[in-house]
There are 2 protein chains.
Amino acid sequence: MPVNLSAPDPAGLHPVPGVLLGIAEAGVRKANRKDVTVVLLEEGASVAGVFTQNRFCAAPVQICRDHLARGLGIRAILVNTGNANAGTGDDGLMRAKSTCIALAQHLDLAPEQVLPFSTGVIMETLPHDRINAGLPAALADARADNWGRAAEAIMTTDTIAKAFSTQVQIGGATVTVTGISKGAGMIRPNMATMLGFMATDACVDQALLGQLAKDLADASFNRITIDGDTSTNDSFVVIATNKAAHAPITSMDSADGRTLKAAMQQVAQQLAQAIVRDGEGATKFITVRVEGGKTAEECRLAAYAIAHSPLVKTAFFASDPNLGRILAAVGYAGITDLDQTKIDLFLDDVHVVINGGRNPSYREEDGQRVMKQSEITVRVGLGRGTAADTVWTCDFSHEYVTINADYRS
Amino acid sequence: MPVNLSAPDPAGLHPVPGVLLGIAEAGVRKANRKDVTVVLLEEGASVAGVFTQNRFCAAPVQICRDHLARGLGIRAILVNTGNANAGTGDDGLMRAKSTCIALAQHLDLAPEQVLPFSTGVIMETLPHDRINAGLPAALADARADNWGRAAEAIMTTDTIAKAFSTQVQIGGATVTVTGISKGAGMIRPNMATMLGFMATDACVDQALLGQLAKDLADASFNRITIDGDTSTNDSFVVIATNKAAHAPITSMDSADGRTLKAAMQQVAQQLAQAIVRDGEGATKFITVRVEGGKTAEECRLAAYAIAHSPLVKTAFFASDPNLGRILAAVGYAGITDLDQTKIDLFLDDVHVVINGGRNPSYREEDGQRVMKQSEITVRVGLGRGTAADTVWTCDFSHEYVTINADYRS
């Protein structure tokens, strides 16, 4: 059961001018399952992507990088579930390319104008013929108001669809930002991968979009962890269709640029946090904020050390205000000149640790009250500077072991 | 239940000339529990230690480092269970010092000739008075053949005592190496820490011992992982009593030096592996060997990425030959120029992955046969050099979550 996360209300998902989405059942792995999604972009869209840093990256990730680098203008996105096409060598590359070629032929595009995405079982052969056979149905289904159905169609072990949308005013125009994501575990060999797709009709030059996508990912998808495992297929794509009636944004540091970026960041964070809320076996949503660092980087290190620790995560599952586990994680985070006598620790508003030792006024029942909540903020002060960073994670439950110890089936 | 590990046979634990061990029940945390151990060294022993790199290190670790640096000659070791004296600030330092002073007074030593070790609950006040009150009983109990009882007395959540012993011939003399360890989780806030103590009567100059202790730790305790969490109290101490009737070893690269080091490394690896075999919830003992690297360091990174991955560890628990999880871990291990098309993967003798893809002759039933064993070797070839490294770990079970989600009690 996801933590404080409901299925998206289709009425709240604003279409993005210049974007159509179509879904089909292609039988990639199982029958009667929506498993192929196409996203069609009108000519002139700016598109950028951020991809897994895993060296063992999947065939579609390699092709996406290549096609984006060609600069022909991305016009279509093709997503399949049921098979990740990872660990499949040259054969996997050829099969992924075949799907790009097939979709490009339907749309009279170059294959390099298509970005392919796959999520599902690793190291099994992609049934590209089935995907290609499903394309006409997906294309026939293409509509502007299909974001909610697309969010469902890209799910794998997700228990709930993830889609968010907002609108802002830019230069007198109403600009829409809508996105979908899927996750569950950072990687499941059954059903792998985090995917995120986000589109706006704002007018943003292609030259700005690469950095924007990176900045958005760094503030959202790159700040979450379920189990510390980095998927072979993780991908996040940002699209600006340039359809809105405002003067083009030429700098993200302009007033319009900041307005748009804030809206996009809000949706990106909602999409990323939704993945944590629906994390495998999650019963709690935990915000880990580390402050008082010399650099944001060291705060991030400490926050991830806490968020990755199986001992910390099982303590959250147990609602055990287990101070030592959090402090120990900070201690091994890699901040070599850390002074343990400067450390503060808060659970929500409860001041647990002061100067590296138990706060004399701390009462265990106060800590336990917070630990029983379904949403908890852990705040650590390093006492060595003014930098801060935040990551989001979930707890580690019996259900996680059960899900991941199930034989692939 | 530990994986293929029996309680030590006291008859097989050779006393080490120059070392006496005494045990007492001091009621540190619970009554009727052997919780204080003293190790007494005759004058002239060489002693070195390797300690946790956790910046949030416990008071006794700080004192050990200081006392070893003083160079007055270590004559006694004092270990308590039930309380880790970590996260206790200046007060914790004073209490730990008080126990050193008390033991030194009994033995007519300087306090700086005593090394203190604590393991147990974090962030609770050390009841140093109870420890000090227990010293006379521990001293009265001091005997050369107490290694087995000492191994029991330093246990916390361990389910079985860990002690190993061997003898080798050096320069016509029979030299003994005997050691004890405790662990369970790398850290348990209830009952924290890995501790290892090893003694030989060999004649080794103090000047050689620091590097020797580091080398031994790097080949044993620094090559194991249960859950990736580094304790605040981890300590490993190496003692050479210089009592054996052979010419002093002046270089560990001499023939005698190599003989001794091999015997000590054997015992150190047995002690370290025993901690994994008795890991919290462990049902399998897993050797992860990475070969074909440019450097041993990158092999170690890849081996630890595999050994730390909750997804890999749950797959072992489930006996699921889940190739993708292992390959994905190699991919995110941080080897930035890794070529995935060069990767090989073996489960024991079964060649699972070749050139980064599934081995055409691999049959799932062969992988599953290996995965069902209680001892499994994962061997990864990186195909980029001749370096190799090995780490040992266990699987990740429901029992781990149960143990660590239990409220401290």
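Residues numbered from 1 in each chain as written. Chains lettered and ligands numbered in written order. Predicted model: local features only at pLDDT ≥ 70, side-chain atom pairs only at ≥ 80, totals over all residues. Heavy atoms only, no water.

A. Region of the structure containing the domain arrangement of chain A. Residues and elements named next belong to chain A. Here the domain parsing of chain A yields domain 1 (10-277) and domain 2 (285-405). Taken together, the contact pairs 14 residues of domain 1 with 16 residues of domain 2. Where domain 1 abuts domain 2, roughly 1300 Å² becomes buried across the two surfaces, and 54% of that area is made up of carbon and sulfur atoms. Of all residues in domain 1, Arg223, Thr225 and Arg277 give up the largest surface area on contact with domain 2, accounting jointly for 43% of the area buried on that side. For the pair domain 1 and domain 2, the interface holds two salt bridges. Its salt-bridge partner being aspartate 389, residue arginine 223 comes within 3.0 Å of it at the nearest N-O pair. Connecting domain 1 to domain 2 are five residue pairs in polar contact (both at pLDDT 80 or more). For the side of domain 1 that touches domain 2, the elements supplying multiple residues, two or more each, are β9 (224-225) and α6 (255-277). Per element, the largest residue contribution to the side of domain 1 that touches domain 2 is four residues, and it comes from α6. In the side of domain 1 that touches domain 2, the residues fall into four nonpolar, six polar and four charged. (Domains from an automatic or database assignment. Contact = heavy atoms within 4.5 Å. Buried area = accessible area lost by both parts, 1.4 Å probe. Salt bridge = Lys/Arg side-chain N within 4 Å of Asp/Glu carboxyl O. Polar contact = N/O pair within 3.5 Å; in protein donor to acceptor, adjacent residues only side chain to side chain. Helix = DSSP H or I, 4+ residues; strand = E, 2+ residues; numbered from the N terminus. Nonpolar A, V, L, I, M, F, W, Y, C, P; charged D, E, K, R; others polar.)

B. Layout of the relation of the copies chain A and chain B. Taken as rigid bodies, chain A and chain B are interconverted by a rotation of 180 degrees and an axial shift of 0.0 Å, the fit giving an RMSD of 0.0 Å. Each copy turns onto its partner about a two-fold axis. For chain A, the residue whose C-alpha comes nearest the rotation axis is A:His398, separated from it by 2.9 Å. Take the interface residues of chain A: 100% of them recur as interface residues in chain B, which is what a same-surface contact looks like. (Least-squares fit on C-alpha atoms with pLDDT ≥ 70 in both.)

C. Focus on the packing of aromatic side chains. All names here are of chain A. According to the stated counting rule, one finds five aromatic pairs over all chains in the structure shown. The interplanar angle of 90 degrees and the centroid separation of 4.9 Å between the aromatic rings of phenylalanine 117 and phenylalanine 197 together place this pair among those described as edge-to-face. Of this pair, phenylalanine 117 sits in strand β5 (residues 114-121) while phenylalanine 197 sits in strand β8 (residues 195-200), placing them 80 residues apart in sequence. Taking relative accessible area as the criterion, phenylalanine 117 reaches 3% and is therefore assigned buried. Lying over the aromatic face of phenylalanine 285, arginine 277 brings its terminal NZ or CZ to 3.9 Å of the ring centre. (Phe/Tyr/Trp six-rings, centres within 6.5 Å; stacked < 30°, edge-to-face > 60°. Buried < 20%, exposed > 50% of the residue type's maximum accessible area, 1.4 Å probe, protein only. Lys NZ or Arg CZ within 6 Å of the ring centre and 35° of its normal.)

D. Looking closely at the UniProt feature "binding site: substrate" (unreviewed entry) in chain A. All names here are of chain A. UniProt tags Thr156, Lys182, Thr193, Glu280, Asn404 and Ser409 as "binding site: substrate" (unreviewed entry). One can find glutamate 280 in the loop between α6 and β11 (285-293). Assessed through its relative accessible area of 4%, glutamate 280 is described here as buried. (UniProt positions renumbered as here; feature names shortened; annotations may be inferred.)

E. Spotlight on helix α10 (residues 364-371) of chain A. All names here are of chain A. Within α10, the full set of buried residues consists of Glu364, Asp366, Gly367, Val370 and Met371. Considered in projection along α10, the buried side chains sweep an arc of 165 degrees and stay on one side of the axis. Its buried side turned inward, α10 meets α8 (310-317), β12 (344-347), β13 (350-354), β14 (357-358) and β15 (375-381). (Arc of directions from axis to C-beta.)

F. The arrangement of the confidence of the model for chain A in detail. Of all residues in chain A, 95% attain a pLDDT of 70 or more, and the chain-wide mean is 91. Residue range residues 187-192 of chain A is modelled with pLDDT below 50. Its contacts to residues more than four positions away, or to other chains, number 35 contacts. (pLDDT = per-residue confidence, 0-100.)

G. Expanded view of the side chain of A:Lys284. Residues and elements named next belong to chain A. Locating lysine 284 in the fold gives a position in the loop between α6 and β11. Put simply, lysine 284 is tucked away with no salt bridge, and the nearest opposite charge, on aspartate 395, sits 5.5 Å away. Engagement of the side chain of lysine 284 in a polar contact is seen with the side chain of serine 319, the distance being 2.5 Å. A polar atom in the side chain of lysine 284 sits 2.7 Å from the backbone oxygen of methionine 371. Leave out the neighbours within four places in its chain, and lysine 284 touches Val3, Phe316, Phe317, Ser319, Met371, Lys372, Gln373, Ser374, Ile376, Thr393, Cys394 and Asp395. (Lys, Arg positive; Asp, Glu negative; His and termini not counted.)

H. Structural detail: the pairing of strand β8 (residues 195-200) of chain B. All names here are of chain B. Summarising burial for β8: six of the six residues are buried, a large majority. Going residue by residue along β8, you find Leu195, Phe197 and Ala199 tucked away on one face and Gly196, Met198 and Thr200 tucked away on the opposite face as well. By the bridge criterion, six bridges tie β8 to strand β10 (residues 235-240) in an arrangement that is parallel. Note that in β10 the partner of methionine 198 across the bridge is valine 238. (Pairing = 2+ DSSP bridges.)

I. Quick peek at the sheet that holds strand β14 (residues 357-358) of chain B. Residues and elements named next belong to chain B. Pairing is mixed in the open sheet, where seven strands are placed in the order β9-β16-β11-β15-β12-β13-β14. Lying at the two open borders of the sheet, with one neighbouring strand each, are β9 (224-225) and β14. Where strand β12 (residues 344-347) and strand β15 (residues 375-381) come together, four bridges link them in antiparallel fashion. Paired with leucine 347 across the strands is valine 378, a residue of β15. Sheet contacts for helix α10 (residues 364-371): β12, β13 (350-354), β14 and β15; angle to β13, the most-contacted strand, approximately 120 degrees. (Axes fitted to C-alpha atoms, helices over the stretch in contact; angles between N-to-C directions.)

J. Representation of the interface of chain A and chain B. Tallying the contact residues gives 55 residues for chain A and 55 residues for chain B. Together, the buried faces of chain A and chain B total about 4800 Å²; carbon and sulfur atoms form 58% of this surface. Of all residues in chain A, A:Arg55, A:Phe56 and A:Met123 give up the largest surface area on contact with chain B, accounting jointly for 15% of the area buried on that side. Where chain A packs against chain B, one counts zero salt bridges. Where chain A packs against chain B, one counts ten residue pairs in polar contact (both at pLDDT 80 or more). Each residue belonging to the side of chain A that touches chain B can be placed in one class, and the counts come to 25 nonpolar, 21 polar and nine charged.

K. Structural view of the pattern of salt bridges. All names here are of chain A. Applying the stated criterion across every chain yields a total of 46 salt bridges over all chains. When the shortest N-O distance is used, the salt bridge between aspartate 158 and lysine 162 registers 2.6 Å. For the pair shown, aspartate 158 and lysine 162 are each scored as buried. A network of salt bridges, in which partner residues are shared, links Lys294, Glu298, Asp337 and Arg384.

L. Focus on the environment of B:Gln266. Residue and element names in this part refer to chain B. When you line up the elements, glutamine 266 lands in helix α6 (residues 255-277). With a relative accessible area of 37%, glutamine 266 lands in the partly exposed category. Considering only alpha carbons, one finds glutamine 266 and isoleucine 170, 96 residues apart in sequence, at a separation of 16 Å.

M. Structural context of the packing of helix α5 (residues 206-218) of chain A against α6(A). Residue and element names in this part refer to chain A. Direction vectors running N to C along α5 and α6 enclose 45 degrees, while the axes themselves pass 9 Å from each other. When the axes of α5 and α6 are compared, the pair comes out oblique. Of the two elements, α5 crosses α6, and the hand of that crossing is right-handed. Contacts between α5 and α6 pair Leu212, Asp215 and Leu216 from the former with Lys261, Met264, Gln265 and Ala268 from the latter. (Parallel < 35°, antiparallel > 145°, perpendicular 65-115°, else oblique. Left-handed = near helix turned anticlockwise from the far one by under 90°.)

N. Here's a closer look at the sheet that holds strand β10 (residues 235-240) of chain A. All names here are of chain A. Taken in spatial order, the five strands make up an open sheet running β3-β10-β8-β7-β6, and their pairing is mixed. On the outer flanks of this sheet lie β3 (46-51) and β6 (162-170), each paired with one strand and no other. Recorded for the sheet is a direction-independent mean angle of 10 degrees between the axes of neighbouring strands. As judged from the six bridges shared by strand β7 (residues 173-182) and β8, these two strands associate in the antiparallel manner. Residue glycine 179 lies in a different strand from β8, and its bridge partner there is methionine 198. In the packing of helix α1 (residues 59-70) onto the sheet, the strands contacted are β3 and β10, and the crossing angle to β3 comes to about 145 degrees. Most of the contacts of α5 go to β3, to which it runs at about 35 degrees, and overall it touches β3, β8 and β10.

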